[in-house]
Amino acid sequence: MPELPEVEVTRRSFAAAIHGARVTGLRLGKPLRWPMGVDPETLLGARVGAVQRRGKYLWLPLAEAGGLLMHLGMSGSLAFLDTTPAPGAHDHFDLHTDRGLLRLTDPRRFGAVVWAAALDAEPVATLLGGLGLEPFDERFDGAHLHAALSGRRVSIKQALLAGDIVVGAGNIYACEALFMAGVDPRLPAGKLSRPRADKLALAVRTVLGQALEAGGTTLRDFRDAHGVAGSFQMQAQVYGREGEPCRRCGTAIRRIVQGQRSTFFCPSCQKR
Ligand SMILES: [Zn+2]
């Protein structure tokens, strides 16, 4: 599933090209996760502003016509094309503009395009309301992480995945950050010491920064809006490496299941 780095890579791949474009048409395919909530006709002629990202959501502001909040769900990808090929079976949203076609392809249809009058208007305000800090926000540090984890009994891995403390530490990146910080993913979240919280906060930021630089992670079919694949998975230290030797100590990487998600870790390098 596209995680924060993939969504940011997608944003960077088309934001400049679509900025200032005028909406000339809109086509909806099969229903996505939520209804769009606006008559497409009312968006015609609107000018696209600067595309922003919050967590795994993209916000496409439309001057004087609110904006569209987009989510790639489990399997979605956005393409910004300078041609207008006929929509395929999995193309469920097309925004035609005078600069090109923004197309959402989403085989599993957990993605969404939702209209709101503004970023702080419903239903967008509620969707974004529970999100934690951005990982590159300077307020996200060890002190913040330590305070937010206090009293939590879930595992540290699940506390990161929840996204209400910091966004972006999805399954791959949570595994990688815990390895980088030397923290056992099964540690009860509230037991993480302050010095280790410093290490973990830095690791979350570092891992996500590396993933951004690598153009995201291509697990199955992630591409940015120009069809370029990411390469972060080539540098994964633990994710997807069950039974293979730890790159640091040689111990076999273990896989366990936490909250129905696979966790990969080194039983020697990562301590409780
Ligand atoms: Zn190791």
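Scoring rules and cut-offs
- Residues numbered from 1 in each chain as written.
- Predicted model: local features only at pLDDT ≥ 70, side-chain atom pairs only at ≥ 80, totals over all residues.
- Heavy atoms only, no water.
- Donors = N, O, S within 2.8 Å, 3.2 Å for Na, K, Ca; no water.
- Tetrahedral: all angles 85-135°; square planar, octahedral: opposite > 155°, others 65-115°.
- Helix = DSSP H or I, 4+ residues; strand = E, 2+ residues; numbered from the N terminus.
- Buried < 20%, exposed > 50% of the residue type's maximum accessible area, 1.4 Å probe, protein only.
- Phe/Tyr/Trp six-rings, centres within 6.5 Å; stacked < 30°, edge-to-face > 60°.
- Lys NZ or Arg CZ within 6 Å of the ring centre and 35° of its normal.
- Domains from an automatic or database assignment.
- Patch = residues over 30% accessible without salt bridge, like charges linked within 9 Å, V, L, I, M, F, W, Y side chains within 5 Å.
- Areas by Shrake-Rupley, 256 points an atom, 1.4 Å probe, with all protein chains shown as cover.
- Salt bridge = Lys/Arg side-chain N within 4 Å of Asp/Glu carboxyl O.
- UniProt positions renumbered as here; feature names shortened; annotations may be inferred.
- Expected span 1.5 Å × (residues − 1).
- Bend = angle between axes of the 7 residues up to and from the residue.

1. A look at the coordination of the zinc ion
Then, number 1: Protein-derived coordination of the zinc ion comes from C246 (SG), C249 (SG), C266 (SG) and C269 (SG), at a distance range of 2.2 to 2.4 Å.
Then, number 2: Relative to the metal, the 4 donor atoms surrounding the zinc ion lie at angles of 102 to 113°, and the coordination shape comes out tetrahedral.
Then, number 3: Donor residues binding the zinc ion come from one chain and are separated in sequence as C-x2-C-x16-C-x2-C. Here the residue C246 occupies a position in the loop between α6 (194–213) and β9 (254–258), and C266 occupies one in the segment after β10 (261–265), the gap between them amounting to 20 residues.
Then, number 4: Overall, C246 belongs to the buried group, its relative accessible area being 5%.

2. Here we look at the packing of aromatic side chains
Then, number 1: Per the counting criterion, the structure on display carries 2 aromatic pairs.
Then, number 2: Ring centres of F14 and F80 lie 6.4 Å apart, and the angle between their planes is 40°; this geometry places the pair in the tilted category. Of this pair, F14 sits in helix α1 (residues 4–18) while F80 sits in strand β5 (residues 77–81), and the two are 66 residues apart along the sequence. Judged on exposure class, the residue F14 and its partner F80 are both buried.
Then, number 3: Relative to F264, the ring of Y239 has its centre 5.1 Å away and its plane inclined at 65°; by these criteria the two rings are edge-to-face. Residue Y239 is found in the loop between α6 and β9, and its partner F264 is found in strand β10; the two are separated by 25 residues along the sequence.
Then, number 4: Its guanidinium or amino end placed over the ring of F179, R248 lies 4.4 Å from that ring's centre, counting from NZ or CZ.

3. Let's talk about the domain arrangement of the protein
Then, number 1: Splitting the protein by domain gives domain 1 (4–129) and domain 2 (142–265).
Then, number 2: The straight-line distance from the C-alpha centre of domain 1 to that of domain 2 is 28 Å.

4. A word on a nonpolar patch on the surface
Then, number 1: Taken together, the side chains of M1, M74 and F110 define a hydrophobic patch exposed on the protein surface, amounting to about 230 Å² of accessible area.
Then, number 2: By secondary structure assignment, the location of M1 is in the segment before α1.

5. What to know about the UniProt feature "binding site: DNA" (unreviewed entry) in the protein
Then, number 1: Here the UniProt feature "binding site: DNA" (unreviewed entry) sits at H90, R108 and R152. Spanning 63 residues, the named residues do not form one spatial group; their C-alpha atoms are separated by as much as 40.5 Å.
Then, number 2: Note that H90 resides in the loop between β5 and β6 (91–97).
Then, number 3: Judged by relative accessible area, H90 falls into the partly exposed class, the value being 40%.

6. As for α1
Then, number 1: Between its terminal C-alpha atoms α1 stretches 21 Å, which fits the 21 Å expected from 15 residues at 1.5 Å a residue.
Then, number 2: Remark: the principal bend of α1, roughly 30°, maps to R12.
Then, number 3: For α1, a buried count of 12 out of 15 residues is recorded, marking the element as mostly surrounded by other parts of the structure.
Then, number 4: Those residues of α1 that fall on the buried side of the exposure criterion are L4, P5, E6, V7, E8, V9, T10, R11, S13, F14, A15 and I18.
Then, number 5: Following α1 by one or two positions, G20 has its phi on the positive side, about 90°.

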